[in-house]
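Structural features, examined
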Amino acid sequence: MLWLYLHFPHLLLDHLRRSHESQGALVIVEGASHKVIQACPMAKEQGVRAGMRLKTALSLSPDLHIVRADEQQEARVLEDQARWLYRYAAYIVLVPPDGLLAEIGSLQKLYGGLPAVWQTVEQGLNERQLDAWIAIGHTPLATRLIARTGQGECTSDTGHTMRTLSQLSLFDAGFEDKTCIRLQRLGLNTLGEVFSLPPAELAKRLSPEVLARIQKIQGTRPDPQTPWQPPHRFRQQTDFVQEIEHSQGLLFPLQRMLLELEDDLCWRQQDTDSLLLTLQHRHQEPTRLRIRTSGPEHRAEAFLKLAQIRFEQHPLRAPATAVILSVKRFIGREAPNERDLLGDTRDLNEAWHTLISRLQARLGSDSLTQLSPQADHRPERAWSASDVVRSSRRTPASELAQLPRRPLWLLKGPKPLTETPATWFSGPERISGGWWDGQRVHRDYYIAQLHTGQLAWVFHDARDGWFVHGWFG
Amino acid sequence: MSNILNTLMQDDRVWQGRRHKQSTQPAEPTGYQVLDNQLGGIGWPRGALSECLLDAHGIGELHLLLPLMQRLSGNGRTVFLLNPPHTPYAPALAREGIDLDQVVIVHTDNDGDFLWTLENCLRSPVTGLVMAWPGKLMSRDIRRLQLAAEAGSNVCVLFRERRYADQNSPAALRLDLEPDQNQNLNINIVKRRGSWPGQHCSLTMTHRADLSFSEAPGVVQGPWPASGR
């Protein structure tokens, strides 16, 4: 097996810088010891180095942006990278906090050789503006050690790998401090010298664990790895160095996230119809915004327009420190309708979904309704309003002819009749029902014309008198 | 005729009404031949606003648009009803042969949303007909809507009160609707783009409730006098 290891020397820094177009120097600081652990190039220009104390760094560069390292966040960012790498390689192992391991022996044929694999990954990293040290090796541990020292080369030659390994110092080989000291006392300084010792002696003088580690590096002892499986959902978080106060400012980072979602959906060959945007605030509960489309959608542009409408409707309650985009519902992508050769219907379908989504985003999905008749004798229950869906079911014409004559306008509730109608036309039509659900109705309906010329559907209720229930519009 | 007048006529410097050509703007037949004749033989203008001015509901205003709704919904175009004053009654619409899947009812809370929604509907290619019941419209709002209507090619009918008849409006067609006691709808053309106003016609609207006037009213005389009204 051949392994590829990606070591991200300053993953968190890259992640933060990506969501930021212009900014000053930026450093990541370890929580407890107040030491700089990652510094951006601009900070380095001003003399800030990793390992420096925060006070020293601040005196070198007074307007330094400081971000505290957060393990959870780091793990999440690493998982984002795994999700991306999963497009290229199937067997991926997460090596927290800052590494990804991928089995590439089986991919050589697919990509046409090792250099092609290397190039593909490197190109992907460039596109994502990520800094990573790549290495190829025969065992997971050996690959990792080479990657961490930045000496990786694109070769599958075992001899070359072993030579690189044997020149590593004991510290770079990742031994514990105590083991390092003991080995140094034995007069050993490089990993190669340790390799040449007989295994039995090593186990006796040091510990079985050290031997196991050396054998894992050499590949004489199995080193099983648990492959990572991508979760079936999309979640991405962008953290802001400076809080964003206006919703317009959110659109730029959101656009990048939506583009990644579009990419992701393209890879899955899936669509979605609902996004959840969570805006985090410093002192308040996070704001949740659900953005729905009326039909399956995958284009970032369409989502962005809907988000824009939502932001216009709901200004930010408080400055946002982070925005999270998550998608849990995926819909398999449908093949375009085969019925139309020229694709006209499809365009109309798309236009319909765009229009309805826009209206729903601004007015709320309750504001749009579709009507349908219901099988009930009581007029107020003989219809129902439902959410808008695109469908093409048709009621057979024979059924329609059987419907009784009804007015086109139904009042929202019966209104008392205040005048004696001018002319009576037909009636009574007795409607009596509802004894089964407690909404008892017992009415005689007439069609009558009022003095204003309106044609009304009036009824006489056995108990309450005369009411208008509809207009023949 | 004097010499001067003759010269003027020959020079084509004076527009003459009798040379007026049939307007070529796209339109949808109303489904009522009498009304079509008054509207230059074409019907509802497409890509422009129309206004129906009426004071009371239930005088046949929906029936005026019913043939158009039937045709458009049958062709798969969407019909939007924006802020209708009452509930459009689904069983009655279905009975008239309207495809209810193509009918979308929209309710808006304020004028800003109303105009925005109407504009969006008008600009979309899926829309066939928009019927809207605006509250109060400023003249500049109507102009804005007129521009949106020109961007699309659908029929838009605004239902407004008759007191606005005197107010200036950029709509391409304005109809004044008035009922009479014999179930007729008297239509007065207040404005028609490219032609003269003032024509009027009368449509029989008895079919909306299956009434026919020659017959004696089919009411079973019963509860009315007895109930004391």
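Small disclaimer: the values here were computed from a predicted structure and weren't measured. (Residues numbered from 1 in each chain as written. Chains lettered and ligands numbered in written order. Predicted model: local features only at pLDDT ≥ 70, side-chain atom pairs only at ≥ 80, totals over all residues.)

Comments concerning the packing of helix α7 (residues 140–149) of chain A against helix α8 (residues 158–166) of chain A
All names here are of chain A. Here is the rule we go by: Geometry is summarised by axes, namely lines fitted to C-alpha atoms with helices restricted to the contacting stretch, and by angles between N-to-C directions that run from 0 to 180 degrees. Secondary structure elements follow DSSP: runs of H or I of four or more residues count as helices, runs of E of two or more count as strands, with numbering from the N terminus. Put simply, angles under 35 degrees are roughly parallel, angles over 145 are roughly antiparallel, angles from 65 to 115 are roughly perpendicular, and the rest are oblique. Definitions for this section: a left-handed crossing has its near helix turned counterclockwise from the far helix by less than a right angle. A right-handed crossing has that turn clockwise. A residue pair is marked as a contact if its C-beta atoms, positioned from the backbone, fall within 7 Å.
Where α7 meets α8, the axes come as close as 10 Å, and the angle between the chain directions of the two elements is 60 degrees. One element, α7, and the other, α8, form an angle in the oblique class. Where α7 crosses over α8, the two elements pack in a sense that is left-handed. Packed against α7, whose contacting residues are Ala 142, Leu 145 and Ile 146, the element α8 presents Thr 161, Thr 164 and Leu 165 at the interface.

Remarks on the sheet that holds strand β11 (residues 200–204) of chain B
We count it as follows: One bridge is not enough; two strands pair if DSSP finds at least two bridges between them.
Pairing is mixed across the open sheet formed by 10 strands, whose spatial order is β14(A)-β13(A)-β6(B)-β4(B)-β7(B)-β8(B)-β3(B)-β9(B)-β10(B)-β11(B). Edge positions in the sheet fall to β14 (383–386) of chain A together with β11 of chain B, since each of these pairs with one other strand and no more. Here the average twist between neighbouring strands, direction ignored, is 25 degrees. With six bridges joining them, strand β3 (residues 48–53) of chain B and strand β8 (residues 155–160) of chain B adopt parallel strand pairing. If you follow B:Glu51 over to β8(B), its bridge partner there is B:Leu158. Most of the contacts of helix α5 (residues 111–123) of chain B go to strand β7 (residues 127–132) of chain B, to which it runs at about 155 degrees, and overall it touches β4 (78–82), β6 (103–106), β7 and β8 of chain B.

Brief notes about helix α14 (residues 300–313) of chain A
An α-helical turn contains 3.6 residues, so any two residues separated by three or four positions project in the same direction. All names here are of chain A. Our working rule: Under the convention used throughout, the expected extent of a helix is 1.5 Å for every residue step, that is, one less than its residue count. Exposure classification rests on a simple neighbour count of other C-beta atoms within 10 Å of a residue's own: a residue reaching 20 or more is buried, one at 12 or fewer is exposed, and one in between is partly exposed. C-beta atoms are placed from the backbone. As used here, the arc is the angular range of directions from the helix axis to the C-beta atoms.
Helix length check: α14, at 14 residues, gives a terminal C-alpha distance of 20 Å against a target of 20 Å (1.5 Å per residue), a fit within 8%. For α14, the set of buried residues is Phe 303, Leu 306, Ala 307 and Phe 311. Down the axis of α14, the buried set is contained in an arc of 140 degrees. They therefore lie on one face. Exposed residues on α14 whose side chains face more than 90 degrees from its buried face are Glu 301 and Glu 312.

Description of the interface of chain B and chain A
One frequent convention defines the size of an interface as the accessible area lost when the parts assemble. Short version of the rule: Throughout, the ten residues Ala, Val, Leu, Ile, Met, Phe, Trp, Tyr, Cys and Pro are labelled nonpolar, Asp, Glu, Lys and Arg are labelled charged, and all others, Gly among them, are labelled polar.
Tallying the contact residues gives 52 residues for chain B and 55 residues for chain A. Top contributing element to the side of chain B that touches chain A by residue count: helix α4 (residues 90–95) of chain B, with six residues. By residue class, the composition of the side of chain B that touches chain A is 25 nonpolar, 18 polar and nine charged. Alignment of strand β15 (residues 409–416) of chain A against strand β5 (residues 87–88) of chain B, held across two bridges, turns out to be antiparallel. Of the residues in β5(B), the one forming a bridge with A:Trp409 is B:Pro88.

Geometry only, nothing functional implied.
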